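# Coordinates in review
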Amino acid sequence: MERVIIHVDMDYFYAAIEEREDPSLKGKAVVVCMYSNRGGSGGAVSTSNYVAREAGIRSAMPCKLARSKKPDAVFLPVRKEFYEEVSAKIMEILRSNADSEEAFEKISIDEAFLEISQSCSGDYDLARDIGHKIKEEVRSQEEITCSVGIGPNKLIAKMASSFRKPDGITVVRPEDVQTFLGPMTVKKLWGIGKVTEERLTEMGIRTVSELASYDVMELISVFGKNKGMWLSQAAMGIDGTAVKERTATDQIGRMASLEHDSRDENMIFTLMDELIDDVISKVKARKVSFRSVTVTVIFSNFKTSTKSRTLGHAVSDISILSENAKEMMKQFLEESTMNFRRIGVRVDNLQENTGQKSLFDF
Ligand code: TTP
Ligand code: CA
């Protein structure tokens, strides 16, 4: 089956959250600043909305310069912890659209890759539908727009998502990869930094198609084996790297759909037992303990909700996982009226077992 990868990138993320929190900001230029701890007017722009960008304001620019470009812009201080919370909710929405819990890779606070090869059966029309569905879920649940790129690998998906922004969706089918990449300047190729770009320019290589047809041995002689090979492959749109959670060592989880949408406690808790068994066997196999438990519910309208608990200390036994997870699930049942579609159980804050048993293990 053809691989199909989606990359999702939130639009002007920090500023979009601030706009959402204060609707009076809509239409105004909004600049989120990381002020230096010396106070005063020091500090750099974290991000700005598109109104501010029209005035030439950019990330990393001194806030003072931004102010001079657009004196009537609204300047707000960064609220990183709050953005992290919003990010976590969005990541749950994205993860729930991947082929499996593991076919997901968060790459920054507002970007992730999802593999959807199985759910779209390699069909790019279905993949586009999934892309639209993700955009709609993020918009309706978190009131944030995002841009989506779909392609046969991570490199293409990543470059596709930045092709139409904000609120865009770009699908690059395998047969269109060359047409998509070829005309771009090499600096657009994901992974090429300033130094490499300059070196390539000196060599007379300006576009990706020029790089793709450049003799790979020459590239290797200039950049070394790994980088030279990578440059040549990337320019041809080839990227075999897997979508894989980078922090996979940090959590173990399982998610599954109910037989049909339901609020039947028997059905829900039976499935939970299965998920819990699975999580615990992975915990044991990896010889780790966990300090927090998260339960996720995706309702029949696709709304995603999570609850987490941090335990007093790290444990690895099934009864504690089961008790905490089920209590949270009961709360979900009490608080909601809608049917459940999918449920998930996850443990994080993993610690390697030292061999010494804690009191809890007896
Ligand atoms: P980006 O995805 O690079 O930018 P963005 O989401 O603000 O805008 P775009 O619509 O172009 O995707 O970065 C995500 C967040 O990371 C951004 O909202 C703020 C933060 N950030 C910084 O704090 N400093 C920086 O220099 C950059 C580039 C981002
Ligand atoms: Ca972004």
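Shown above is the structure to which this text applies.
### A short note on the layout of surface pockets
The computed volume of the largest pocket comes to approximately 580 Å³. If you go around the largest pocket, you meet 22 residues; those closest to its centre are Ala88, Glu92, Lys106, Gln251 and Arg346. Mapped by element, the contributors of at least two residues to the lining of the largest pocket are helix H4 (80–95), strand E5 (104–108), strand E10 (288–299), strand E11 (304–315) and strand E12 (340–348). Residue contributions to the lining of the largest pocket peak at 8 residues, all from H4. If you count residues domain by domain, the lining of the largest pocket takes at least three from each of domain 1 (5–13 + 82–174) and domain 4 (248–361). Of the volumes computed, that of the second largest pocket is approximately 390 Å³. If you trace the second largest pocket, you find 20 residues lining it, with Asp9, Glu111, Lys158, Ser162 and Lys165 closest to the centre. Only strand E1 (5–10), helix H1 (13–21), helix H2 (50–54) and helix H6 (154–161) provide two or more residues apiece to the lining of the second largest pocket. Among the residues forming the lining of the second largest pocket, the class breakdown is 8 nonpolar, 4 polar and 8 charged.

### So, the coordination of the calcium ion (ligand 2)
The coordination sphere of the calcium ion (ligand 2) contains the protein donors Asp9 (OD), Met10 (O) and Asp110 (OD), at a distance range of 2.2 to 2.3 Å. Because the angles between the 6 donor atoms bound to the calcium ion (ligand 2) fall within 81 to 173°, the donor set is best described as octahedral. Taken in sequence order, the residues that donate to the calcium ion (ligand 2) follow the motif D-M-x99-D. Separated by 100 residues along the polypeptide, Met10 in strand E1 and Asp110 in the loop between E5 and strand E6 (111–115) bring together distant segments of the chain.

### Concerning the packing of aromatic side chains
Summed over all chains, the structure comprises 7 aromatic pairs. An angle of 45° between the planes, with centres 6.4 Å apart, marks the rings of Phe82 and Tyr83 as tilted. A cation over an aromatic ring shows up here: Arg53 above the ring of Tyr50, its NZ or CZ 4.4 Å from the ring centre. Sitting over the face of the ring of Phe75, Arg67 holds its NZ or CZ atom 4.3 Å from the ring centroid.

### Side note on the pattern of salt bridges
Pairing between side chains becomes possible if they bear opposite charge and their charged atoms approach one another. Enumeration over the complete set of coordinates arrives at 21 salt bridges. For Arg254, the salt bridge identified is with Asp278, shortest N-O distance 3.5 Å. Of this pair, Arg254 sits in strand E9 (residues 251–262) while Asp278 sits in helix H12 (residues 265–285), and the two are 24 residues apart along the sequence. We classify Arg254 as partly exposed; its relative accessible area is 23%. Its relative accessible area of 27% is what places Asp278 among the partly exposed residues. A salt bridge links Arg309 to Glu327; the nearest nitrogen and oxygen atoms lie 2.7 Å apart.

The rules we used
Residues numbered from 1 in each chain as written. Chains lettered and ligands numbered in written order. Predicted model: local features only at pLDDT ≥ 70, side-chain atom pairs only at ≥ 80, totals over all residues. Heavy atoms only, no water. 1 Å grid on protein atoms, 1.4 Å probe; cavity = no way out; pocket = protein on both sides within 12 Å on 5 of 7 lines; lining within 4 Å. Points joined across faces, edges and corners; volume = space filled by probe spheres on them. Helix = DSSP H or I, 4+ residues; strand = E, 2+ residues; numbered from the N terminus. Domains from an automatic or database assignment. Nonpolar A, V, L, I, M, F, W, Y, C, P; charged D, E, K, R; others polar. Donors = N, O, S within 2.8 Å, 3.2 Å for Na, K, Ca; no water. Tetrahedral: all angles 85-135°; square planar, octahedral: opposite > 155°, others 65-115°. Phe/Tyr/Trp six-rings, centres within 6.5 Å; stacked < 30°, edge-to-face > 60°. Lys NZ or Arg CZ within 6 Å of the ring centre and 35° of its normal. Salt bridge = Lys/Arg side-chain N within 4 Å of Asp/Glu carboxyl O. Buried < 20%, exposed > 50% of the residue type's maximum accessible area, 1.4 Å probe, protein only.

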